[in-house]
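As a plain string of letters, each chain reads:
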Amino acid sequence: MKFCSACGKPVNQRIPEGDTRLRYVCDHCQTIHYQNPNIVAGVLPTWGGQVLLCRRAIEPRLGYWTLPAGFMENGETLEQAARRETVEEACARVSEMTLYQLFDLPHINQVHVFFRAELADLDFAVGAESLEVRLFDESEIPWDELAFRTITRTLECYYRDRIEQHYPIGNECLSPMPVSSSNN
Ligand SMILES: [Zn+2]
């Protein structure tokens, strides 16, 4: 941040009185610009044993496969955000949404949350942000062409949990350096 969004004057970085963190502070209008993590909400849409993936038509990771997911908007619930992204990216409607995986990504100031859900029907289609949308059997999942680590981990957890048909809520903190994709 270079300029104050309230008055347009340059901002400075310092720790405000009574605070413990470095903030962007406007010494002209005294506004303290707090910056907080962004939340990404997504869905793991299933149809029987198949999973719906979308190939991204936009950067970052254009051409790679993802689960429908995106930044939450103000005024939405988490579930509404996840549903909206599923409509936007895959023109798909889902039912029986269940909270499933939470990822803390402190190095990029994001939290990613995925629901499990069953597709309401097979009337999905390629959304504006996708190049391709299709169902995958477990043996077809393009593991080397997945867009983000949280997508890989969510799918790994799903296929692990599916064996027992027990899907506990998972919470992981992903480190900045890529880690090998294991189930540990
Ligand atoms: Zn200002």
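Keep in mind the model is a prediction, meaning the values are calculated, not measured.

A.B. asks: Residues and numbers for the packing of aromatic side chains, please.
C.D. replies: A full pass over the atoms with the stated rule returns six aromatic pairs. Ring centres of W143 and Y159 lie 6.4 Å apart, and the angle between their planes is 70°; this geometry places the pair in the edge-to-face category. Taken together, the residues W143 in the loop between β10 (130–136) and α2 (149–164) and Y159 in helix α2 connect sequence positions 16 residues apart. Residues Y158 and Y159 carry aromatic rings whose centres are separated by 5.1 Å and whose planes lie at 65° to one another, so their mutual orientation is edge-to-face. For the pair formed by Y158 and Y159, the shared burial category is buried. Each member of the aromatic cluster is reached from another via a ring pair, and the members are Y100, W143, Y158, Y159 and Y167. Just above the ring of Y100 sits the side chain of R116; from NZ or CZ to the centre is 5.7 Å. Cation over ring: R134 sits above F136, and NZ or CZ is 3.9 Å from the ring centre.

A.B. asks: Which residues make up the coordination of the zinc ion, and what are the values?
C.D. replies: Protein-derived ligands of the zinc ion are C4 (SG), C7 (SG), C26 (SG) and C29 (SG), with the metal-ligand distances lying across 2.2 to 2.4 Å. For the zinc ion, the four donor atoms in the first shell make angles of 100 to 117° at the metal, a pattern classed as tetrahedral. Ordering the donors of the zinc ion by residue number gives the pattern C-x2-C-x18-C-x2-C.

A.B. asks: So, empty space enclosed by the protein: which residues are in play, and what are the values?
C.D. replies: If you walk through the whole model with that rule in mind, you get one cavity of 30 Å³ or more. Taken as a whole, the largest cavity holds about 30 Å³ of empty space. Taken together, C54, R56, I58, T66, E89, E129 and S130 make up the full set of residues lining the largest cavity. When its residues are assigned to classes, the lining of the largest cavity shows two nonpolar, two polar and three charged.

A.B. asks: Run through α2, naming residues and quoting values.
C.D. replies: For α2, built from 16 residues, the straight-helix expectation of 22 Å at 1.5 Å per residue is met to within 8% by its first-to-last C-alpha distance of 24 Å. Taken together, the buried positions of α2 are T150, I151, T152, R153, T154, L155, E156, C157, Y158, Y159 and D161. Q165 lies just past α2 and shows a positive phi near 55°.

Conventions adopted
Residues numbered from 1 in each chain as written. Predicted model: local features only at pLDDT ≥ 70, side-chain atom pairs only at ≥ 80, totals over all residues. Heavy atoms only, no water. Phe/Tyr/Trp six-rings, centres within 6.5 Å; stacked < 30°, edge-to-face > 60°. Helix = DSSP H or I, 4+ residues; strand = E, 2+ residues; numbered from the N terminus. Buried < 20%, exposed > 50% of the residue type's maximum accessible area, 1.4 Å probe, protein only. Lys NZ or Arg CZ within 6 Å of the ring centre and 35° of its normal. Donors = N, O, S within 2.8 Å, 3.2 Å for Na, K, Ca; no water. Tetrahedral: all angles 85-135°; square planar, octahedral: opposite > 155°, others 65-115°. 1 Å grid on protein atoms, 1.4 Å probe; cavity = no way out; pocket = protein on both sides within 12 Å on 5 of 7 lines; lining within 4 Å. Points joined across faces, edges and corners; volume = space filled by probe spheres on them. Nonpolar A, V, L, I, M, F, W, Y, C, P; charged D, E, K, R; others polar. Expected span 1.5 Å × (residues − 1).

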